[in-house]
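# Descriptive structure summary
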Amino acid sequence: MTVQHCPPEQLALAALREPLPDDDALHLAGCELCRAEVSSLRRAVDAVAVPELAAPGPDVPPPPSVWAGIAAATGVTAAPAGAPAARVDAEPEGARVLPFRTRRRGVLLVAAAAVAGGVLGAGVTALVTGGDQPEAVAAVALDPLTDEQASGRAEVVVRGDGSRALQVQLDAPALEGEYYELWLIEPGVVDMVPLGVLRPGSQTFELPAGLDLGAYPLVDVSVEPLDGDPTHSGVSVARGELDT
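Residues numbered from 1 in each chain as written. Predicted model: local features only at pLDDT ≥ 70, side-chain atom pairs only at ≥ 80, totals over all residues. Heavy atoms only, no water.

### Details of the overall build of the chain
Counting secondary structure elements, the chain contains six helices and eight strands. In the chain, which comprises 244 residues, the share counted as buried stands at 38%. Long-range contacts, defined here as pairs at least 24 residues apart, represent 58% of the contacts in the chain between residues at least 6 apart. Accessible surface, the chain as shown: approximately 13700 Å² in total, 56% of it carbon and sulfur. (Helix = DSSP H or I, 4+ residues; strand = E, 2+ residues; numbered from the N terminus. Buried < 20%, exposed > 50% of the residue type's maximum accessible area, 1.4 Å probe, protein only. Contact = heavy atoms within 4.5 Å. Areas by Shrake-Rupley, 256 points an atom, 1.4 Å probe, with all protein chains shown as cover.)

Have a look at this one:
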């Protein structure tokens, strides 16, 4: 018998903490695959929920080449107020596409686009649902690196349905123009798994199904700039190694 999973639009709503129809909510509570997909989508939601990303910025006037391109394509010679007059034969300046270093799943970009379109509600925080009383199976102190002021504790818990989560307590100063991010890293500090945006205080992060914590025992807290680059910044402020 084929299992009928939640449709993508319901998974997106669940990632935004919106209520689901009863059938989808019941399925999500018992389906590890759908919960993992929601957790992946929520990472994009949390990233966009960083105040510096969510707040509107100042208006930026378009460069003269934009109006030149419009004039060249339409034959219009008059320019709007404040814009330089454009020649009809002006060649539109091609847009330069920069490569995006992708280490994370493309579905996160879909979620971020939906959030940027106005779906996101205020006060988004990390949340894990469903399952019986979780049992702690591993814990580690997050010690500050060099002279950093961040520290905390991370604990791996297993629920009654077998799904796992990482509960994190972070004691760190608030950031301005940057944000904290949580990672699991292999001992060689090359391969890493991003878990989500981390804020000072307590948060719970869903662990990907099938992830071998023995292969990624380092729990790492980094400081990330608001530059749209999904890879690790290389600036870690706290770290600990799980005893798995």
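### Remarks on the nonpolar core
Ranked by size, the top nonpolar core spans 27 residues in total, and within it Leu166, Leu182, Leu184, Val219 and Val221 carry the most contacts. The set of elements that each furnish at least two residues to this core consists of β1 (135–144), β2 (151–158), β3 (164–171), β4 (178–185), β5 (192–198), β7 (218–225) and β8 (236–241). Once residues within four sequence positions are removed from consideration, Leu184 is found in contact with Leu166, Asp191, Met192, Val193, Leu195, Leu207, Leu211, Leu213, Tyr216, Leu218 and Val219. Residues Ala14, Ala15, Val38 and Leu41 belong to the second largest nonpolar core, which totals ten residues. (Core = buried A, V, L, I, M, F, W, Y, C linked by side-chain atoms within 4.5 Å.)

### Some remarks on the confidence of the model for the chain
Confidence in the prediction for the chain averages 74 pLDDT; 63% of positions are at 70 or higher. Across residues 86–131, where pLDDT falls below 50, the model places 75 contacts with residues more than four positions away in sequence or in other chains. (pLDDT = per-residue confidence, 0-100.)

### A few points about helix α1 (residues 8–15)
When α1 is considered as a whole, its buried residues turn out to be Gln10, Leu11, Ala14 and Ala15. Here the buried residues of α1 occupy an arc of 145° about the axis, which is enough to place them on one side. Just downstream of α1 lies Arg17, where phi reads positive at about 65°. (Arc of directions from axis to C-beta.)

### Examining the environment of Glu178
Turning to its location among the elements, Glu178 is positioned in strand β4. It is 9.2 Å that separates the C-alpha atoms of Glu178 and Asp227, two residues lying 49 residues apart in sequence.

### Quick notes on the sheet that holds β7
An order of β5-β4-β7-β8-β1-β2-β3-β6 is seen for the eight strands of this open sheet, with the pairing classed as antiparallel. The sheet terminates laterally at β5 and β6 (201–206), the two strands that pair on one side only. Strand-to-strand twist across the sheet, computed as the mean angle between neighbouring axes with direction ignored, equals 25°. In the sheet, β1 pairs with β8 via two bridges, with the strands oriented antiparallel. Directly across from Pro144, in β8, lies its bridge partner Ala238. (Pairing = 2+ DSSP bridges. Axes fitted to C-alpha atoms, helices over the stretch in contact; angles between N-to-C directions.)

### What about the side chain of Glu186?
Inspection of the secondary structure assignment puts Glu186 in the loop between β4 and β5. By relative accessible area, which is 16% here, Glu186 ends up buried. At 2.8 Å, the side chain of Glu186 forms a polar contact with the backbone nitrogen of Gly188. Apart from the residues lying within four places of it in its own chain, the contact partners of Glu186 are Asp191, Ala215, Tyr216, Pro217 and Leu218. (Polar contact = N/O pair within 3.5 Å; in protein donor to acceptor, adjacent residues only side chain to side chain.)

### Description of the pairing of β2
Summarising the sheet, β1 and β2 pair through seven bridges and their orientation is antiparallel. Each residue of the ladder has a partner; that of Ala136, found in β2, is Val157. Adjacent in sequence and paired antiparallel, β1 and β2 are bridged by six residues, among which Thr146 carries a positive phi angle near 50°. Relative to β3, β2 runs antiparallel, the two being bridged by eight bridges. Bridged to Arg153 within β3 is Gln169. Connecting the antiparallel pair β2 and β3 is a turn made up of five residues, with Gly162 showing a positive phi of about 95°.

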